[in-house]
Amino acid sequence: MAKTAAKTESPFWKLPIAEFLEQLGASPDGLTSAEAALRLARYGPNLIHGERKKALILQFLTKFKNPLVIILLVASALSAFTGDTTSFFIIGTIVLISVTLDFVQEYRAGQAADRLRQSVAVRGNVVRQGQTQEIPLSELVPGDVSLLASGDMVPGDGRLLEAKDLFVNQALLTGEAFPVEKTAGELPEESDILAAGNTVLMGTSVISGSARVLICRTGQNTELGKIADSLLAKAPATDFEQGTRRFGLLIMRMTILMVLFVLLVNAYFHRPWLESFLFAVALAVGLTPELLPMVVSVTLSRGAMRMAASKVIVKRLASIQNLGSMDVFCTDKTGTLTEARIHLERHLNPLGKESQRVLELAYYNSFFETGLKSTMDDAILEHTEIDASVWKKIDEVQFDFERRRISVLLDNGATRLLVVKGAPEDILRLSISYEADGQAVLSPMDEAARASINAQFEALGNEGFRVLGIASRQVGMDHPHAVVGDEAELVFAGFAAFLDPPKQSARAALAGLAADRVAVKIITGDNELVTKHIFGQLGLPVSGVLTGAEIQQLDDSALAARAEQVNLFCRVTPSQKNRIILALKRRGHVVGYLGDGINDAPSIHSADVGISVDSAVDVAKAAADMILMEQDLGVLHAGVLEGRRTFGNIMKYIMMGTSSNFGNMFSMAGASLFLPFLPMLPVQILLNNLLYDISELPIPLDRVDDDYLSHPRHWDMKFIRNFMLVIGPVSSIFDFLTFYIMLAVFHAGEALFHTGWFIESMATQVLVIFIIRTRKNPFKSRPNPWLIACSLSVVGVAAALPFTPIGKKLGFVAPPAFFFLVLTVMLLAYLLAVEGIKRWFFRRFAAE
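This is a predicted model, so every value here is computed, not measured.

**Q** Describe in detail the overall build of the protein chain, supporting the description with residues and values.
**A** When its secondary structure is counted, the protein chain shows 31 helices and 23 strands. Counting over 848 residues, the protein chain shows a buried share of 56%. Of the accessible surface of the protein chain, which amounts to about 35500 Å², a share of 60% is contributed by carbon and sulfur atoms.

**Q** Which residues make up the pairing of strand β7 (residues 205-217), and what values go with them?
**A** The buried fraction of β7 is high, at 11 of 13 residues. Two elements, strand β3 (residues 145-148) and β7, share 4 bridges in a ladder whose sense is antiparallel. Bridge pairing in β7 links Ser146 to Val213. One ladder, built from 10 bridges, connects strand β4 (residues 157-169) with β7; its direction is antiparallel. The partner of Val168 across the bridge, within β7, is Val206.

**Q** For the pairing of strand β1 (residues 123-128), give the residues involved together with the corresponding values.
**A** As judged from the 6 bridges shared by β1 and strand β2 (residues 131-136), these two strands associate in the antiparallel manner. When the sheet's bridge partners are listed, Arg123 is paired in β2 with Pro136. Count of turn residues in the β1/β2 antiparallel hairpin: 2 residues, of which Gln129 carries a positive phi of about 55 degrees. Pairing geometry for β1 and β3, over 3 bridges, is antiparallel. Following the sheet pairing, Asn125 is matched in β3 by Leu147.

**Q** Kindly report on helix α29 (residues 785-800), identifying the contributing residues and their values.
**A** The α-helix winds at 3.6 residues per turn, so residues separated by three or four positions along the chain end up facing the same way. The end-to-end C-alpha distance of α29, which contains 16 residues, comes to 22 Å, matching closely the 22 Å that a straight helix rising 1.5 Å per residue would cover. All of the buried residues in α29 are Leu787, Cys790, Ser791, Val794, Val795 and Ala798. With its buried residues spanning 125 degrees around the axis, α29 presents them on a single face. Residues of α29 that are exposed and point over 90 degrees away from its buried face: Pro785 and Trp786. Where α29 is buried, its residues contact α25 (682-696), α27 (750-767) and α28 (769-772).

**Q** Give me the lowdown on the packing of aromatic side chains, citing residues and values where you can.
**A** Each aromatic ring pair is described using two quantities: the centre-to-centre distance and the angle formed by the ring planes. Under the definition given, this model contains 24 aromatic pairs. Summarising the aromatic geometry, the rings of Phe492 and Phe495 are spaced 5.2 Å apart at their centres and angled 70 degrees between planes, so their arrangement reads as edge-to-face. Each member of the pair, Phe492 as well as Phe495, carries the same accessibility label: buried. Look at Phe719 and Phe841: their rings are 5.3 Å apart centre to centre, the planes differ by 55 degrees, and that puts the pair in the tilted class. Linking Phe719 in helix α26 (residues 717-745) with Phe841 in helix α31 (residues 817-845), this pair joins segments that are 122 residues apart in sequence. Residue Phe719 is classed as buried on the basis of its relative accessible area of 13%.

**Q** Mind laying out the pattern of salt bridges, listing which residues take part and the relevant values?
**A** The full count for this structure, using the stated rule, is 27 salt bridges. Linking Glu134 and Arg123 is a salt bridge whose minimum nitrogen-to-oxygen distance equals 3.5 Å. Linking Glu134 in strand β2 with Arg123 in strand β1, this pair joins segments that are 11 residues apart in sequence. Owing to a relative accessible area of 38%, Arg123 belongs among the partly exposed residues under this scheme. The closest approach of N and O atoms between Asp600 and Lys577, which form a salt bridge, is 3.0 Å. With Asp600 in the loop between β21 (591-594) and α21 (601-606) and Lys577 in helix α20 (residues 574-586), this residue pair connects regions lying 23 residues apart in the sequence. Relative accessible area serves as the criterion here: at 5%, Lys577 is assigned to the buried category.

**Q** Mind laying out the nonpolar core, listing which residues take part and the relevant values?
**A** By size, the foremost hydrophobic cluster in this structure holds 145 residues, and its most contacted members are Leu323, Phe329, Phe569, Ile611, Trp715 and Phe758. If we ignore the near neighbours within four places in the chain, the residues touching Phe758 are Met680, Gln684, Leu687, Asn688, Leu691, Ala798, Leu801 and Phe812. Core analysis: the next-biggest nonpolar cluster, separate from the first, contains 25 residues, Tyr363, Met376, Ile380 and Leu417 among them.

**Q** Account for the packing of helix α19 (residues 556-565) against α20, with residues named and values stated.
**A** Two numbers describe how α19 lies on α20: the axes approach to 8 Å, and their chain directions differ by 80 degrees. With respect to α20, the axis of α19 lies roughly perpendicular. Here α19 contributes Asp556, Leu559, Ala560, Ala563 and Glu564 to the contact with α20, which in turn contributes Arg579, Ile580, Ala583, Leu584 and Arg586.

**Q** Tell me about α19, and please be specific about residues and values.
**A** All of the buried residues along α19 are Leu559, Ala560 and Ala563. Seen from one end, α19 has its buried residues packed into an arc of 105 degrees, which puts them on one side. Close packing links the buried residues of α19 with β18 (519-523), β19 (545-547), α18 (548-552), β20 (568-570) and α20.

**Q** Could you give an account of the environment of Pro541, with specific residues and numbers?
**A** By secondary structure assignment, the location of Pro541 is in the loop between α17 (528-537) and β19. Under the relative-accessibility criterion, Pro541 is labelled exposed at 64%. C-alpha of Pro541 to C-alpha of Asn567: the two residues are 26 residues apart in sequence and 9.0 Å apart in space. When near neighbours in sequence (up to four residues on either side) are disregarded, Pro541 contacts Phe535 and Asn567.

**Q** Summarise unusual backbone geometry; cite the residues concerned and give the values.
**A** Unlike most non-glycine residues, Arg517 shows phi in positive territory, near 65 degrees. Looking at where Arg517 falls in the secondary structure, it is placed in the loop between α16 (506-515) and β18. Of note, His747 is a non-glycine position whose phi angle comes to about 50 degrees, a positive value.

**Q** Provide a residue-level description of the packing of α27 against α29, including the pertinent values.
**A** One can describe the packing of α27 onto α29 by two numbers: an axis separation of 9 Å at closest approach and a directional angle of 175 degrees. What the angle tells us is that α27 and α29 run roughly antiparallel. Across the interface between the two elements, Phe758, Ile759, Met762, Ala763, Val766 and Leu767 of α27 pack against Ser791, Leu792, Val794, Val795, Ala798 and Ala799 of α29. Looking at the contact of α27 with α29 residue by residue, the classes come out as 11 nonpolar, 1 polar and no charged.

**Q** Outline the sheet that holds β19, listing residues and values.
**A** If you trace the 8 strands from one edge of the open sheet to the other, you get β8-β23-β22-β21-β9-β18-β20-β19, paired in mixed fashion. What marks the edges here is a single partner per strand, and that holds for β8 (312-314) and β19. Neighbour-to-neighbour, the strand axes of the sheet open up by a mean angle of 20 degrees, direction not taken into account. Examined bridge by bridge, strand β9 (residues 328-331) and β21 share 4 bridges and lie parallel to one another. Within the sheet, the bridge partner assigned to Val328 lies in β21 and is Val591.

**Q** A description of the environment of Gln576 should follow, citing residues and the corresponding values.
**A** Turning to its location among the elements, Gln576 is positioned in helix α20. Ignoring anything within four residues of it in the chain, the contact list for Gln576 reads Gly548, Ile551, Gln552 and Arg571. Polar contacts involving the side chain of Gln576 include one to the main-chain carbonyl oxygen of Gly548, which spans 2.8 Å. A polar contact is formed between the side chain of Gln576 and the backbone nitrogen of Thr573, at a distance of 3.0 Å.

**Q** So, empty space enclosed by the protein: which residues are in play, and what are the values?
**A** According to the stated counting rule, one finds 2 cavities of 30 Å³ or more in the structure shown. Of the pockets and cavities examined, the second largest cavity occupies roughly 40 Å³. Lining of the second largest cavity is provided by Thr738, Ile741, Phe746, Glu760, Phe819, Val822, Leu823 and Met826. Mapped by element, the contributors of at least two residues to the lining of the second largest cavity are α26 and α31. For the lining of the second largest cavity, the element with the highest residue contribution is α31, accounting for 4 residues. Residue composition of the lining of the second largest cavity, grouped by class: 6 nonpolar, 1 polar and 1 charged.

The rules behind the values
Residue positions are counted from 1 within each chain, in the order its sequence is given. Confidence filtering applies because this is a predicted model: local features only for residues at pLDDT of at least 70, side-chain atom pairs given and counted only at 80 or more, and all residues used for totals across whole chains, interfaces and linings. Think of the side-chain values as coming from all heavy atoms in the structure, minus any hydrogens and water. Under the scheme used here, helices are H or I runs from DSSP no shorter than 4 residues and strands are E runs no shorter than 2 residues, and both carry numbers assigned from the N terminus. Note on classification: 1.4 Å probe, protein chains only; a residue is buried when its accessible area is under 20% of the maximum for its type, exposed when over 50%, partly exposed between these limits. Method for areas: the Shrake-Rupley scheme with a 1.4 Å probe, in which residue coverage is limited to the protein chains shown. At least two DSSP bridges between two strands are required for those strands to pair. A helix is expected to span 1.5 Å multiplied by its residue count minus one. As used here, the arc is the angular range of directions from the helix axis to the C-beta atoms. What makes two residues a contact is simply this: any of their non-hydrogen atoms within 4.5 Å. Aromatic pairs are defined between Phe, Tyr and Trp rings, using the six-membered ring for Trp, whenever the two ring centres lie within 6.5 Å; interplanar angles under 30 degrees are classed as stacked, those over 60 as edge-to-face, and all others as tilted. Definition used for salt bridges: Asp or Glu carboxyl oxygen within 4 Å of a side-chain nitrogen of Lys or Arg. In this text, buried Ala, Val, Leu, Ile, Met, Phe, Trp, Tyr and Cys residues form a nonpolar core when linked through side-chain atoms within 4.5 Å. The axes are straight lines fitted to the C-alpha atoms, using for helices just the contacting stretch, and the angles between their N-to-C directions are given from 0 to 180°. We call two directions roughly parallel when the angle between them is under 35 degrees, roughly antiparallel when it is over 145, roughly perpendicular when it lies between 65 and 115, and oblique otherwise. Put simply, Ala, Val, Leu, Ile, Met, Phe, Trp, Tyr, Cys and Pro go in the nonpolar bin, Asp, Glu, Lys and Arg in the charged bin, and everything else, Gly too, in the polar bin. Between N or O atoms, a polar contact is any pair within 3.5 Å; within protein, one atom must be a potential hydrogen donor and the other a potential acceptor, and residues adjacent in sequence are included only when both atoms are from side chains. Two kinds of site are reported from a 1 Å grid over the protein atoms alone, namely cavities, where a 1.4 Å probe fits but cannot get out, and pockets, open sets with protein on both sides within 12 Å along at least five of seven lines, and residues are called lining when an atom falls within 4 Å of a point. Grid points are joined across faces, edges and corners, and a volume is the space filled by probe spheres set on the points.

This is how it looks when you write it as structure tokens:
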């Protein structure tokens, strides 16, 4: 046990287990905590794409890789060599402050998001020091003994020490959809690890059974780790991520054109090349949305923190915006529309009478099955008065979502009996007789009997009961195994009927989602009678029903058309769930899917927003973008509104960057055409940009209007471009008016011109946020107090700066008092003009 793990020389699945335990320095009783800590330090965390965190200083220095920052620092260094050391130190200080602000905000946002992700990290059971412990799977090391059960993800490549009815899904590695049985044993001749029946591999999942596994490889050393880059496709960029990238490219293209224009103009007028170059680069810095990544990170992180307070944990930050854009939400009804507190209410024979025989057979089946037990199994097993000790299990046929049933082969020494439980329609179809009055009396399943039993089933469904069919078949004592073919010529015993009452909070949550334009579609394995009954109790209209059998007959285009109209999908298989999700996406919908079972993982992955719950199986939680800590639609509704709020605050920064800020930089480029000097010194442009960035920092905290939250929000590049073309020129018009007043009224020289325009540009581009942040009257939409304080402080600093010694070093001079009176009038006129044009714009270009 105290040995240090050595590198294995032979494939671990071939070696005798005793030899391999010796080689690995491990024991069936697990590692000590001290040894596990040493191995974690040696092998690293058990992660496929574990990002090696850079040291903080390296993360900080990475921020200086921005090409514009590098060019700016190099150009300012050149100016220092020519004797202008003051500009060099001032520019360097401004760049340092700006980069530090960006780094600190983004780092804190990242830390907060990491803490949230860790709170819902998948955990597993291991044996350490002979005791079972639950640890995050990322802390698993070679030599650990892991305990697996139905629904668990296999946390590493390992050798089976013990296995009981273990079936594993290896589709991720082999492409084989059917579960593979695994057993403990030695396979000295097996050369292929994927075919080794004594081995389980990372990334696979346990369908049924249990196992005790010696972990041999973790992280990148696993079979999955070796092929992860090709096998595990990176999540596609969301619409929002693509949109922000396109926006950044648009601004960069315009920046390059403007900078080239400025350089050509200054070269034409034979102005000093170094000063002109610094001016052009500073202009580029002012135009570039360098804060956009930080604003996005901080806003998404704060959104994730607020969602965590509403009991929604976000694993992938970009999914927050997708949740806000979601217009179709798909889920099973259990736990979302119902309480998920299922009770076995009735156990009826084919004549509709209460039957102890039906209860006993149902109990035997649930007691002996080794797969992941459902809530209906739990309800059956509450009847502990039934004694199953006289029976011994010989074999079982695992449940699968295509057959929709499970069979166990039992023996009591005198009889060998196959007990089958599953979807009533299928159990009836496979039955040739029924127990009319106890097991001693069998009656043939003729058409009249079948019709009568079906009528009983429909009556139960109409009353809201979830129903299982129970049947059996006596086989010979020499019948060695249970296979799917044995599920024929059954004797129908009756029905087990369960009630799952509607959730009281569901009605209000569904009404809220509908009011906020999110369509709810139910995708369930239950029959349509039960689902319609639940809908009726909740007062929900049924727009259409589509069953799994009908879906089977539709091609993808026909399914997409039908899925648009239908809100109940019943008796569907897992593959059909996935087809429905993809069909809705092809119709242009942003689709969310909530699931918690093994069969839900593909649909969770396919949806734009994959959602699971904290009580879900590992494979479902691992596939999800976010986890609900409470299985409640009210929690989800709060998350949808938070996603829209987050998107709204990011859009405020983008709208600012495409209007006032862009207009000011455009004016600066235009002014260089007719002014005999630079419109503003490079260091003044950088200071302008820094102060503007500081004023924008509280945007992630800002309130968002209720009417903005009332429907899904999508990225619209055309809308942003139109906003820039309409609002941007307003800023430029007032800038040119400022130029005229400074030259014609105040007869300003270079220093006074720089000062006047610096104050005016800061005031206009900062204060206009109060106009742009809302589509309504700005006095009827209260901004966050921090945004008010920060914006007014920045404008105050800009106005006071020329009167300070620092201002003089920056090239400013004290403007006359009359200037501030003129500035006030111009500022009011500008804000009124923007408000008027904004209202016209939203009437003209925004239908919603």
